[in-house]
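# Close look at the chain arrangement
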Amino acid sequence: MSSLMTDAVLARIAAAGAVAKEQDLYAGGGAEFYDRLVGSDRAEVREVLALARDAEGPVLDIAAGSGRLTVPLVRSGKRVIAVDLSDDMLSRLRNALHDPGMVECVVADMREFSLGRRFDLVVIGATSVTVLDRLGRSRLYETVRRHLAPGGRFALTIAGGASARSLSVSTEQEISVAGPDGRETYLFSQQVGADGGERTVNWVRLADLARQREVTVFTSRLGLLTPDALARELVDAGYDAPAVSPVRTLGEEILLLTTTWAGQADAGGDDALA
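In this text the structure is predicted, and so the values were computed from the model without any measurement.

On to the sheet that holds strand β3 (residues 80–84), then. Neighbouring strands of a sheet are bound in pairs by backbone hydrogen bonds; such pairs are parallel or else antiparallel. A sheet is described by the order of its strands in space; here 7 strands give the open sequence β4-β3-β2-β5-β6-β12-β11, paired in mixed fashion. Both edges of this open sheet fall to β4 (103–107) and β11 (243–246), since each of them pairs with a single strand only. Ignoring strand direction, the axes of neighbouring strands in this sheet form an average angle of 20°. Pairing of strand β2 (residues 59–62) with strand β5 (residues 119–124) involves 4 bridges; the strand directions are parallel.

Next up on the list: unusual backbone geometry. If you check the backbone angles, Ala-63 has positive phi at about 55° while not being a glycine. Of note, the phi angle at Thr-127 is positive, near 50°, even though the residue is not glycine. Structurally, Thr-127 can be placed in the loop between β5 and α6 (134–147).

Moving on, we get to the pairing of strand β6 (residues 148–159). Looking along a regular strand, one sees the side chains alternate between the two faces of the sheet. Counting buried positions along β6 gives 9 out of 12 residues, so the element sits mostly inside the fold. In this sheet, β6 lies alongside β5 in parallel orientation, the contact comprising 5 bridges. The residue of β6 that forms the bridge with Val-122 is Phe-154. Crossover connection from β5 via α6 to parallel β6: handedness right-handed. Two strands pair when backbone bridges link them, and β6 and strand β12 (residues 254–260) are joined in this way by 7 bridges, in the antiparallel orientation. Counted as the bridge partner of Arg-153 is Thr-260 from β12.

Here we come to the nonpolar core. Leu-60, Ile-62, Leu-140, Phe-154 and Leu-230 are the most contacted members of the largest nonpolar core, which totals 28 residues. Looking at this core, the elements with two or more residues in it are β2, β3, β5, α6, β6 and α9 (227–236). Residues Ala-55, Ala-64, Leu-90 and Ala-155 belong to the second largest nonpolar core, which totals 26 residues.

Take the packing of aromatic side chains next. Across all of its chains, the model carries 8 aromatic pairs by this definition. On the basis of an interplanar angle of 45° and a centroid distance of 5.7 Å, the ring pair of Phe-154 and Tyr-239 is categorised as tilted. Of the two residues, Phe-154 is situated in strand β6 and Tyr-239 in the loop between α9 and β11; the sequence distance between them amounts to 85 residues. We classify Tyr-239 as buried; its relative accessible area is 2%. Relative to Trp-203, the ring of Phe-188 has its centre 4.7 Å away and its plane inclined at 45°; by these criteria the two rings are tilted. With Phe-188 in strand β8 (residues 182–192) and Trp-203 in strand β9 (residues 198–205), the pair connects residues that are 15 residues apart, well separated along the chain.

Right, let's get into the pairing of strand β7 (residues 171–179). Relative to β8, β7 runs antiparallel, the two sharing 9 bridges. Across the sheet, residue Ile-175 finds its bridge partner in β8, namely Tyr-186. Where β7 folds back onto β8 in an antiparallel hairpin, the turn is made up of 2 residues.

We now examine the environment of Ser-168. You can see Ser-168 is positioned in the loop between α7 (161–167) and β7. For Ser-168, a relative accessible area of 41% translates into the label partly exposed. Engagement of the side chain of Ser-168 in a polar contact is seen with the backbone oxygen of Arg-165, the distance being 2.7 Å.

Rules behind the numbers
- Residues numbered from 1 in each chain as written.
- Predicted model: local features only at pLDDT ≥ 70, side-chain atom pairs only at ≥ 80, totals over all residues.
- Heavy atoms only, no water.
- Pairing = 2+ DSSP bridges.
- Helix = DSSP H or I, 4+ residues; strand = E, 2+ residues; numbered from the N terminus.
- Axes fitted to C-alpha atoms, helices over the stretch in contact; angles between N-to-C directions.
- Buried < 20%, exposed > 50% of the residue type's maximum accessible area, 1.4 Å probe, protein only.
- Right-handed = clockwise from strand over helix to strand, strands pointing away.
- Core = buried A, V, L, I, M, F, W, Y, C linked by side-chain atoms within 4.5 Å.
- Phe/Tyr/Trp six-rings, centres within 6.5 Å; stacked < 30°, edge-to-face > 60°.
- Polar contact = N/O pair within 3.5 Å; in protein donor to acceptor, adjacent residues only side chain to side chain.

See the structure below:
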């Protein structure tokens, strides 16, 4: 397995005489940190709730994580099927629910799963589609197609404008993150690949770098994808040209793409409605 450490973080750890311990950003301690990092972010919630008001039946929330979209949907009265590859993330979702009967948590790869039902609304928030490479996204689009009810909508988000441009530049910055004992300062390091098609991100607590010890580095690798490229992929996969609208958020430019399956709905198969 190749390292997901950025050159900048490796240099910092070497200078501190420490030993790096890589940790997936979405599993174990990474899930707890990620929840602290983005759990309070309300971006997309208003827009997804508006879509859900017109949807019959449960909402399928893919890459649901700790429930940033699932929990508001449940509070609005919607039942949700929450799919995520990380059981650690879904455990945090389960713990956040006051009415666990409104949510079914499914540990599965978003590129390939089969729930045996169809949905009026399928959502992927937090620009999570960029976790996948081009082949992975192609598999995702096919899996979503098999789970869309006739006329059902598929909604997903992507960075746009200045936010998208900032993702394509290698950078380092110090960011304050809420911790169990108060605010903590983390070094965020982003390294863009030589081909410009992906970025590796690291998070490491600065206080740990000051010690000669094992240092946990939260890591992830994400694709670099423009809104136009994502829209073309959806059309090439058989979806209608998506409607694109801005998401109300502070400090970032996020776009919501909403589309439907352009072809004829399947009449049967494993994922047909019962």
